[in-house]
Amino acid sequence: MPYDLLSLCLLGRMPALPGTWTTAWSLAPALVLPLLAWLALALWRAPADRSTCTGAPAAGYRGIWSAGWCLLALALVSPLCRLAATLVAGHMAQLLVLSVAAPLLMAVGGLAMPRQASRPSPGPRLVPATLAYAAVLWMRHLPSVYDAALTSPAVHVAVVASVVAASLWFWNAVLQSARGGAGGTGRAVLALVATTAQTGLLGALLTFAPGTFYPLQAGGATAWGLSPLEDQQLAGMLMWVPGSLAYLAAGVVLALQRFHADDRAVPPPIAGSNRLWPTARSATD
């Protein structure tokens, strides 16, 4: 019989043990039905032929968005949710899916979704989106909030919803800003660098703290042959290294895309001239 969502993702059951944790799946209708409704609505609204934003075939964008949705659903209904309730490192692995992998794919796929031509430029929204994203990630790791999310169903749902919402807002703002020319790309890359710094700091604090912040999961760590501090250190390394690399990689990709776009826009040199910039020649001749 499928585990109930809340018993899967909260404390109260036996820890997810190394030999049996992969069997802890939850198909609770209270979660599965909204996820399926979200998927159906998004695919219904997506253009059938070409993206309204990029002019590229929309099928590829729908596939990318669906892949992100699948990662999001797996993070919430698969044994990863039970592992997140057992280990701090499991929590961090789930958080990276909820805050980086899934929302980034959904934001990329969302470029195919219809948008109003009169919609205001997303550039000014990048700053509040970045600040909200940072605030939610740090709030999620406050010991009082962390413990409440493990023991209270209402707090757990609210925290997960806030992480997903802030992450989707952040990644959408980054991608939309990057579509606004060189200045927009620069702002997007700067937001990603700032996010790398603040998440790296959080990862470092978890890694080098002299004691554990989350004693409620001490039993789970012991079940996996780890001390509570080792479990927390592993979680910090997950955020510090793979998490930081993900933000930096996204920034590099956006910068390279802008570089190639600007390179294609440069006019070719005049035949017979060694000068690459004919406008400069006309100004000095």
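For the structure given in this document, a descriptive report is provided here. (Residues numbered from 1 in each chain as written. Predicted model: local features only at pLDDT ≥ 70, side-chain atom pairs only at ≥ 80, totals over all residues. Heavy atoms only, no water.)

## Things to note about the overall build of the protein
1) Next: In terms of helices and strands, the protein carries twelve helices and zero strands.
2) Next: Secondary structure elements of the protein occur, N-terminal to C-terminal, as α-α-α-α-α-α-α-α-α-α-α-α.
3) Next: Contacts in the protein between residues far apart in sequence, at least 24 positions, make up 74% of those at least 6 positions apart. (Helix = DSSP H or I, 4+ residues; strand = E, 2+ residues; numbered from the N terminus. Contact = heavy atoms within 4.5 Å.)

## Description of the side chain of Gln176
1) Next: The topology assignment puts Gln176 in helix H8 (residues 153-178).
2) Next: Of the residues examined, Gln176 reaches a relative accessible area of 13% and is grouped as buried.
3) Next: A distance of 2.9 Å separates polar atoms of two side chains, one belonging to Gln176 and the other to Arg179. (Buried < 20%, exposed > 50% of the residue type's maximum accessible area, 1.4 Å probe, protein only. Polar contact = N/O pair within 3.5 Å; in protein donor to acceptor, adjacent residues only side chain to side chain.)

## Some thoughts on helix H5 (residues 88-109)
1) Next: With 22 residues, H5 should reach 32 Å at 1.5 Å per residue; the first-to-last C-alpha distance of 31 Å fits that figure.
2) Next: Among the 22 residues that make up H5, 17 are buried, leaving the element largely enclosed by the rest of the structure. (Expected span 1.5 Å × (residues − 1).)

## Examining the environment of Val241
1) Next: As for its placement among the helices and strands, Val241 is situated in helix H11 (residues 228-265).
2) Next: Between the alpha carbons of Val241 and Ala204 there is a distance of 9.7 Å; along the sequence they are 37 residues apart.

## Focus on the state of the cysteines
A covalent bond bridging the sulfur atoms of two cysteines is what the word disulfide describes.
1) Next: Per the stated rule, a full pass over the model turns up one disulfide.
2) Next: There is a disulfide in this structure between Cys9 and Cys81, and the S-S distance comes to 1.8 Å. Of note, the bridge from Cys9 to Cys81 carries an S-S torsion of about 120° and is right-handed in sense. You can see Cys9 sitting in helix H1 (residues 5-9) and its partner Cys81 sitting in helix H4 (residues 79-84), a full 72 residues away along the chain. For the pair Cys9 and Cys81, one class covers both residues: buried. (Disulfide = S-S within 2.5 Å.)

## Overview of empty space enclosed by the protein
Once rolled over the atoms, a probe with the size of a water molecule shows which space is left empty.
1) Next: Per the stated rule, a full pass over the model turns up two cavities of 30 Å³ or more.
2) Next: Of the pockets and cavities examined, the largest cavity occupies roughly 140 Å³.
3) Next: Around the largest cavity, the lining comprises 16 residues; the ones closest to its centre are Ala84, His91, Gln94, Arg140 and His156.
4) Next: Within the lining of the largest cavity, the residues separate by chemical class into twelve nonpolar, three polar and one charged.
5) Next: Around the second largest cavity, the lining residues are Leu95, Leu96, Ser99, Val100, Leu137, Thr199, Met239, Gly243 and Tyr247.
6) Next: Within the residue set of the lining of the second largest cavity, elements represented by two or more residues are H5 and H11.
7) Next: Per-element accounting of the lining of the second largest cavity gives the leading share, four residues, to H5.
8) Next: Considering only residue class, the lining of the second largest cavity consists of six nonpolar, three polar and no charged. (1 Å grid on protein atoms, 1.4 Å probe; cavity = no way out; pocket = protein on both sides within 12 Å on 5 of 7 lines; lining within 4 Å. Points joined across faces, edges and corners; volume = space filled by probe spheres on them. Nonpolar A, V, L, I, M, F, W, Y, C, P; charged D, E, K, R; others polar.)

## Describing a nonpolar patch on the surface
1) Next: Residues Val193, Phe208, Met237, Trp240, Val241, Leu245 and Leu248 make up a contiguous nonpolar surface patch of roughly 640 Å² in combined accessible area.
2) Next: Broken down by secondary-structure element, the contributors of at least two residues to the nonpolar patch are helix H9 (181-208) and H11.
3) Next: You can call Val241 partly exposed: its relative accessible area is 38%. (Patch = residues over 30% accessible without salt bridge, like charges linked within 9 Å, V, L, I, M, F, W, Y side chains within 5 Å. Areas by Shrake-Rupley, 256 points an atom, 1.4 Å probe, with all protein chains shown as cover. Salt bridge = Lys/Arg side-chain N within 4 Å of Asp/Glu carboxyl O.)

## Focus on the packing of aromatic side chains
1) Next: This model, assessed by the stated rule, comprises nine aromatic pairs.
2) Next: Each ring, one from Trp38 and one from Trp65, has its centre 6.0 Å from the other, and the planes form 80°; the classification is edge-to-face. Here Trp38 is found in helix H2 (residues 29-45), whereas its partner Trp65 is found in helix H3 (residues 58-77), with 27 residues between them in sequence.
3) Next: Under the relative-accessibility criterion, Trp65 is labelled buried at 6%.
4) Next: Between Trp171 and Tyr247 the ring centres are 5.9 Å apart and the planes differ by 10°, which places this aromatic pair in the stacked class. Pair noted here: Trp171 is in helix H8 and Tyr247 is in helix H11, with a separation of 76 residues, a long-range link. (Phe/Tyr/Trp six-rings, centres within 6.5 Å; stacked < 30°, edge-to-face > 60°.)

## Some thoughts on the nonpolar core
1) Next: Core analysis: the largest hydrophobic core is formed by 60 residues, its most contacted members being Leu72, Leu98, Trp171 and Leu192.
2) Next: The element that contributes the greatest number of residues to this core is H8, accounting for twelve residues.
3) Next: Ignoring sequence-local partners within four residues, the contact set of Leu98 consists of Leu72, Ala75, Leu76, Pro103, Val160, Val163, Val164 and Ser167. (Core = buried A, V, L, I, M, F, W, Y, C linked by side-chain atoms within 4.5 Å.)

## Examining the environment of Leu105
1) Next: Examined against the element boundaries, Leu105 turns out to sit in helix H5.
2) Next: A relative accessible area of 28% means that Leu105 is categorised as partly exposed.
3) Next: Linking Leu105 and Tyr61, residues 44 residues apart in sequence, is a C-alpha distance of 9.2 Å.
4) Next: Discounting residues that sit within four places of it in the chain, Leu105 has contacts with Ile64, Trp65, Ala67, Gly68 and Leu71.

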